[in-house]
Amino acid sequence: MNRAPDIESKLPAGQFIGRILNRFGFRGRGLVIAIPTLWLLVFFLIPFLVVAKISLSEAAIARPPYLPIWEWSDGFLSFSFNFGNYMFLFEDPLYLSAYMESVKIAGVATIIALLLGYPMAYLIARSAPNTRNLLLMLVILPFWTSFLLRVYAWIGFLKSNGIINNFLMSMGVIDEPFVMLQTDFAVYVGIVYTYLPFMILPLYANLVKLDPSYLEAASDLGARPIVSFFTVTLPLSMSGIIAGCMLVFIPAVGEFVVPALLGGPDTLMIGSILWNEFFSNRDWPIASAVAIVMLFVLVVPIMLLRRAQAAEQEAAS
Amino acid sequence: MSHENATPDTQPWNDPKAVPFLQVKNVTKKFGTFTAVSDVSLDVYKGEIFCLLGGSGCGKSTLLRMLSGFEDVTSGQIIIDGQDQAGVAPYARQTNMMFQSYALFPHMTVEKNIAYGLKRDGLPRDEVAVRVSEMISLVQLDKFANRKPHQLSGGQQQRVALARSLVKKPKLLMLDEPLGALDKKLREETQFELMEIQENLGVTFVVVTHDQEEAMTLSSRIGVMTDGQIVQTGTPHEIYEYPANRFVADFIGSVNIFEGRIVEDEVDYVVVQSRETNTDIFVAHGVSGTVGQKVAIAVRPEKMTISKDPLPDMRNVIKGTIAEVAYMGNRSVYQVQLESGKRVRVAHPNRTRRGAHTLTWEDEVYVGWAGQAGVVVSQ
Ligand SMILES: Nc1ncnc2c1ncn2[C@@H]1O[C@H](COP(=O)(O)OP(=O)(O)O)[C@@H](O)[C@H]1O
Ligand SMILES: [Mg+2]
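Quick caveat, the model's predicted, so the values are computed rather than measured.

(A) Broad picture of the overall build of chain A. If you tally the helices and strands in chain A, you get 16 helices and two strands. Against the 2.2 N^0.38 benchmark of 20 Å for 317 residues, chain A shows a C-alpha radius of gyration of 25 Å, more extended than a compact globule. By principal-axis analysis of the C-alpha atoms, chain A measures approximately 80 × 70 × 40 Å. With 317 residues in all, chain A has 38% of them scored as buried. Surface summary for chain A: the accessible area is close to 19,000 Å², and the carbon and sulfur share equals 70%. Across chain A, the centroid of the 18 positively charged side chains sits 16 Å from that of the 20 negatively charged ones.

As structure tokens, this is what we get:
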């Protein structure tokens with residue numbers, strides 16, 4: 001509280017923001033909490049409420065294409081909630097199977113990402129500090145290129161006259177090209193490829209902290225390396241595994257770009273449905289209901305993620 | 001050298017026919033160009049508590065880790081129970097280790113931690129349960145069997161670590177600073193418990209410590225280490241009374257060192273002339289030196305007598321003034337300033353209540369010690 005004036009006098013911008021925040025009664029610790037709270041409020045809670053509101057309204061040919069859910073008439077505020085959008089989602093089997101399919105694809109992709117990411121994270125955590133930084137750089141490097149470009153690059157790899165098929169045919173391994181593009185296989189490749197870093201990074205952060213003396217103790221007590229992996233390393237990295245899995249699973253459920261570009265016509269993911277409802281059908285209320293239901297589908301994994309992060313923080317302290 | 005009567009039962013190291021249980025032969029360990037352990041040789045016999053004593057960073061842990069198999073030896077040989085340990089993985093060795101950091105598995109309860117080693121041996125469940133509960137009782141942790149390590153105090157964690165390393169009944173147990181995290185009182189109690197457990201189970205212990213009192217209390221023999229080398233091996237008594245060199249004398253307990261030159265060199269005594277004392281010092285044992293050679297003489301503070309009256313029956317007497325008095329309850333320690341400017345520490349037992357107050361600052365005193373009290377140590 002008494003430090004704040006020094007900081008303000010040195011930083012003109014800080015001074016300005018600081019004064020504004022001070023006026024609203026934020027000081028010191030309060031400020032530290034206020035900024036992320038404000039961020040979440042503006043960029044998460046308010047949009048969520050807007051979407052929730054639209055999901056309860058009725059579609060209309062108008063601009064915006066839905067009717068308001070409250071109205072002033074004769075000095076009274078009257079509400080008209082329309083739960084029909086939600087009813088519709090449960091009546092039409094298309095939506096239910098799309099949710100199931102999304103959860104299945106995201107789940108399988110998460111398991112594949114875990115099986116690929118764990119050994120990679122383990123290797124990075126075990127390598128010498130210099131090599132470690134280089135390897136971490138390589139994991140993060142793809143983020144420097146546009147995600148869309150990278151998915152297009154996969155089309156180049158997977159299509160019938162793409163790099164993989166051409167190579168296999170020129171080697172004489174196959175006579176006819178494999179159909180890979182526009183299949184679920186391509187969707188798995190795309191999702192695993194896209195989200196693998198989100199698996200590796202939390203696993204790495206967990207594994208690098210593992211005290212090697214636990215492994216020595218296990219070895220001293222008669223455990224072969226493979227046994228100490230399953231009895232010590234794996235259980236101790238559980239919070240990293242959960243964090244990584246959730247960071248892959250949660251966005252993968254709602255993934256839209258990968259199934260749209262790499263998937264086939266029968267790849268039914270909820271993200272594509274949402275896109276269609278919103279842009280093709282211009283049915284904003286249904287699209288919003290789809291989004292809200294998806295959020296509830298994800299509540300359980302989000303809780304799991306939070307618990308894993310709390311456990312991680314506890315372990316660090 | 002032995003200054004006690006050799007009784008092969010309790011002192012196998014004095015029995016030429018005894019076969020050491022652990023033999024360390026010219027072991028060297030280098031990390032890059034840095035030599036952490038340098039040409040160490042060591043014999044430890046069955047049932048011993050052998051202490052490796054030395055300051056921080058002198059290579060104690062490294063030596064222990066080579067015995068456990070966590071570090072390879074750069075050169076030399078380690079033989080345990082007649083088996084060369086070269087190339088034997090830690091999990092295949094018949095040894096267990098109690099880690100300096102305890103290294104308790106944080107995700108397992110006390111019970112599971114202790115059971116871990118037995119399960120790895122594939123023992124049947126009920127036998128594991130029996131042995132674990134026996135061990136838990138032995139270290140008095142019955143009430144805590146289902147707690148996780150982070151729910152225990154330092155002393156309790158230390159007991160779990162001990163129990164976990166003992167439960168497999170290893171032939172050789174290595175303990176790296178086992179009592180380092182405990183406060184003084186608890187440490188003293190635990191030292192005796194440790195000795196009792198060791199006696200009951202008949203396990204051979206190699207204990208690493210930097211605490212000379214702990215080493216003196218626990219061990220059958222001590223190996224004093226400095227700079228990766230063992231500078232002296234012997235019983236606590238030998239190490240204390242006959243330190244091989246100045247480092248050992250200084251490291252173990254408190255000591256007064258006088259530097260000088262040999263002026264008389266006979267078979268059973270030497271006389272050393274020292275500028276620090278103004279009088280010649282008589283030492284009642286022979287040395288392998290020559291007249292004129294520079295030597296140092298070590299005299300323990302408690303082997304000196306302090307008095308206001310001359311001390312006619314002491315072989316060595318010097319005069320000085322009391323510069324500091326430290327009252328320690330059971331004894332007082334005086335720092336006496338000699339005419340040469342050197343200060344000498346003299347410990348005087350407080351046998352009567354008023355004894356402590358008869359000597360005080362600025363008193364002119366005589367400090368004396370017998371011919372057998374001093375030892376000549378190499379530099
Ligand atoms: N893995 C290692 N790499 C490089 N130097 C090491 C390693 N382990 C120990 N050392 C060095 O070896 C010396 C002895 O260490 P240590 O055996 O742990 O000493 P202490 O006697 O305190 O147990 C120290 O100087 C330490 O820095
Ligand atoms: Mg150490």
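(B) Just the domain arrangement of chain B, in detail. All names here are of chain B. You can read the domains of chain B as domain 1 (8–247) and domain 2 (254–377). Taking only C-alpha atoms into account, the centre of domain 1 sits 38 Å from that of domain 2. In this assembly, eight residues from domain 1 lie in contact with seven residues from domain 2. Of the roughly 690 Å² buried between domain 1 and domain 2, counting both surfaces, carbon and sulfur atoms make up 51%. For the pair domain 1 and domain 2, the interface holds two salt bridges. Of the charged contacts, one joins Lys-303 and Glu-241 as a salt bridge, the two residues approaching to 3.0 Å between their closest N and O atoms. Across the domain 1-domain 2 interface, the total number found is four residue pairs in polar contact (both at pLDDT 80 or more). The leading source of residues in the side of domain 1 that touches domain 2 is helix α7 (residues 236–241), at three residues.

(C) Expanded view of the coordination of the magnesium ion (ligand 2). Within the first shell, the magnesium ion (ligand 2) binds the protein through Ser-61 of chain B (OG) and Gln-100 of chain B (OE1), at distances of 2.1 to 2.8 Å. Taken together, the positions of Ser-61 of chain B in helix α1 (residues 60–68) and Gln-100 of chain B in the loop between β6 (95–98) and α2 (110–120) put the pair 39 residues apart, joining distant regions of the chain.

(D) Here's a closer look at the environment of Gln-156 of chain B. All names here are of chain B. You can see Gln-156 is positioned in helix α4 (residues 154–166). With 87 residues separating them along the chain, Gln-156 and Pro-243 place their C-alpha atoms 36 Å apart. Aside from chain neighbours lying at most four places away, what touches Gln-156 is Leu-141 and Phe-144.

(E) Inspection of the UniProt feature "domain: ABC transporter" (unreviewed entry) in chain B at higher detail. UniProt records the feature "domain: ABC transporter" (unreviewed entry) for residues 22–252 of chain B in the present numbering. Helix makes up 36% of residues 22–252 of chain B and strand 27%, and the two end C-alpha atoms of the span are 25 Å apart.

(F) Up close: helix α12 (residues 238–253) of chain A. Residue and element names in this part refer to chain A. Helix length check: α12, at 16 residues, gives a terminal C-alpha distance of 22 Å against a target of 22 Å (1.5 Å per residue), a fit within 8%. Taken across its 16 residues, α12 has 12 buried, putting it largely inside the fold. For α12, the complete set of buried residues consists of Ser-239, Gly-240, Ile-241, Ala-243, Gly-244, Cys-245, Met-246, Val-248, Phe-249, Ile-250, Ala-252 and Val-253.

(G) View of the nonpolar core. Formed by 58 residues in total, the largest nonpolar core has its most connected members in Leu-89 and Ile-191 of chain A. Apart from the residues within four sequence positions on either side, Leu-89 of chain A is in contact with Tyr-95, Leu-96, Tyr-99, Ile-286, Ala-289, Val-290 and Val-293 of chain A. One finds Met-135, Ile-136, Leu-162 and Leu-175 of chain B within the second-largest nonpolar core, a separate group that totals 40 residues.

(H) The arrangement of a nonpolar patch on the surface in detail. Taken together, the side chains of Leu-38, Trp-39, Leu-40, Leu-41, Val-42, Phe-43, Phe-44, Leu-45, Ile-46, Leu-49 and Val-50 of chain A define a hydrophobic patch exposed on the protein surface, amounting to about 1,100 Å² of accessible area. Structurally, Leu-38 of chain A is set in helix α3 (residues 29–55).

(I) Region of the structure containing the sheet that holds strand β14 (residues 294–299) of chain B. All names here are of chain B. One open sheet holds the five strands; their spatial order is β13-β12-β11-β14-β20, and the pairing between them is antiparallel. Two strands close off the open sheet at either side, each with one partner strand: β13 (280–283) and β20 (375–377). Direction aside, the axes of adjacent strands within the sheet are offset by 45 degrees on average. One ladder, built from three bridges, connects β14 with β20; its direction is antiparallel. Among the inter-strand pairings, Ile-297 is bridged to a residue of β20, identified as Val-376.

(J) Expanded view of the pattern of salt bridges. Inspection of the entire model under this criterion finds 20 salt bridges over all chains. The salt bridge partner of Lys-342 of chain B is Glu-276 of chain B, with a shortest N-O separation of 4.0 Å. Of this pair, Lys-342 of chain B sits in the loop between β17 (331–338) and β18 (343–349) while Glu-276 of chain B sits in the loop between β12 (270–273) and β13, and the two are 66 residues apart along the sequence. On the basis of relative accessibility, which here comes to 22%, the residue Glu-276 of chain B falls in the partly exposed class. Shared partners join several salt bridges into a network, and the residues in it are Glu-216 of chain A together with Lys-29, Arg-65 and Glu-71 of chain B.

(K) The UniProt feature "transmembrane region" (unreviewed entry) in chain A, seen in detail. All names here are of chain A. UniProt's entry tags residues 31–51, 102–122, 134–155, 185–205, 226–250 and 284–305 with the feature "transmembrane region" (unreviewed entry), counted in the numbering of this structure. Within the segment residues 185–205, helix and strand shares are 100% and 0% respectively, and the terminal C-alpha atoms sit 30 Å apart. Along residues 226–250 the backbone is 96% helical and 0% strand, and the end-to-end C-alpha distance reaches 31 Å.

(L) View of the UniProt feature "domain: ABC transmembrane type-1" (unreviewed entry) in chain A. Mapped onto this structure's residue numbering, the UniProt feature "domain: ABC transmembrane type-1" (unreviewed entry) falls at residues 99–305 of chain A. Across residues 99–305 of chain A, helical content stands at 77% and strand content at 0%; the span's end C-alpha atoms are separated by 20 Å.

(M) Local environment of the packing of helix α9 (residues 184–207) of chain A against α12 of chain A. All names here are of chain A. In contact at an axis separation of 8 Å, α9 and α12 are set at 155 degrees when each is read in the N-to-C sense. Judged by the angle between their axes, α9 and α12 are roughly antiparallel. Seen from above, α9 lies across α12 with right-handed handedness. Of the residues in α12, those in contact with Ile-191, Tyr-195, Phe-198, Met-199, Pro-202, Leu-203 and Asn-206 of α9 are Ser-239, Gly-240, Ile-241, Ala-243, Gly-244, Cys-245, Leu-247, Val-248, Pro-251 and Ala-252. A per-class count over the contact of α9 with α12 returns 13 nonpolar, four polar and no charged.

(N) A look at the layout of surface pockets. Residue and element names in this part refer to chain A. Taken as a whole, the second largest pocket spans an internal volume of roughly 320 Å³. As for the second largest pocket, its lining consists of 13 residues, and the residues nearest its centre are Phe-44, Phe-48, Ala-291, Met-294 and Leu-295. Per-element tally for the lining of the second largest pocket: the top contributor is α3, with five residues. In terms of residue class, the lining of the second largest pocket is built from 13 nonpolar, no polar and no charged. The residue makeup of the lining of the second largest pocket includes at least three contributed by each of domain 1 (4–79) and domain 2 (84–316).

(O) Seen up close, the site of ligand 1. Residues and elements named next belong to chain B. In the neighbourhood of ligand 1, the contacting residues comprise Phe-31, Phe-34, Ala-36, Gly-55, Ser-56, Gly-57, Cys-58, Gly-59, Lys-60, Ser-61 and Thr-62. A distance of 2.6 Å is found between an oxygen atom of ligand 1 and a backbone nitrogen or oxygen belonging to Gly-57. Computed on the free molecule, ligand 1 has an accessible area of 560 Å², of which 58% lies beneath the protein chains in the complex. Among the elements of the structure, β2 (34–44) and α1 are those that each provide at least two residues to the shell around ligand 1. The element best represented in the shell around ligand 1 is α1, accounting for three residues. Residues belonging to the shell around ligand 1 are distributed by class as follows: four nonpolar, six polar and one charged.

Parameters at a glance
- Residues numbered from 1 in each chain as written.
- Chains lettered and ligands numbered in written order.
- Predicted model: local features only at pLDDT ≥ 70, side-chain atom pairs only at ≥ 80, totals over all residues.
- Heavy atoms only, no water.
- Helix = DSSP H or I, 4+ residues; strand = E, 2+ residues; numbered from the N terminus.
- Rg over C-alpha atoms; globule rule 2.2 N^0.38 Å.
- Buried < 20%, exposed > 50% of the residue type's maximum accessible area, 1.4 Å probe, protein only.
- Areas by Shrake-Rupley, 256 points an atom, 1.4 Å probe, with all protein chains shown as cover.
- Lys, Arg positive; Asp, Glu negative; His and termini not counted.
- Charge placed at Lys NZ, Arg CZ, Asp CG, Glu CD.
- Domains from an automatic or database assignment.
- Contact = heavy atoms within 4.5 Å.
- Buried area = accessible area lost by both parts, 1.4 Å probe.
- Salt bridge = Lys/Arg side-chain N within 4 Å of Asp/Glu carboxyl O.
- Polar contact = N/O pair within 3.5 Å; in protein donor to acceptor, adjacent residues only side chain to side chain.
- Donors = N, O, S within 2.8 Å, 3.2 Å for Na, K, Ca; no water.
- UniProt positions renumbered as here; feature names shortened; annotations may be inferred.
- Expected span 1.5 Å × (residues − 1).
- Core = buried A, V, L, I, M, F, W, Y, C linked by side-chain atoms within 4.5 Å.
- Patch = residues over 30% accessible without salt bridge, like charges linked within 9 Å, V, L, I, M, F, W, Y side chains within 5 Å.
- Pairing = 2+ DSSP bridges.
- Axes fitted to C-alpha atoms, helices over the stretch in contact; angles between N-to-C directions.
- Parallel < 35°, antiparallel > 145°, perpendicular 65-115°, else oblique.
- Left-handed = near helix turned anticlockwise from the far one by under 90°.
- Nonpolar A, V, L, I, M, F, W, Y, C, P; charged D, E, K, R; others polar.
- 1 Å grid on protein atoms, 1.4 Å probe; cavity = no way out; pocket = protein on both sides within 12 Å on 5 of 7 lines; lining within 4 Å.
- Points joined across faces, edges and corners; volume = space filled by probe spheres on them.
- Near = heavy atom within 4 Å.

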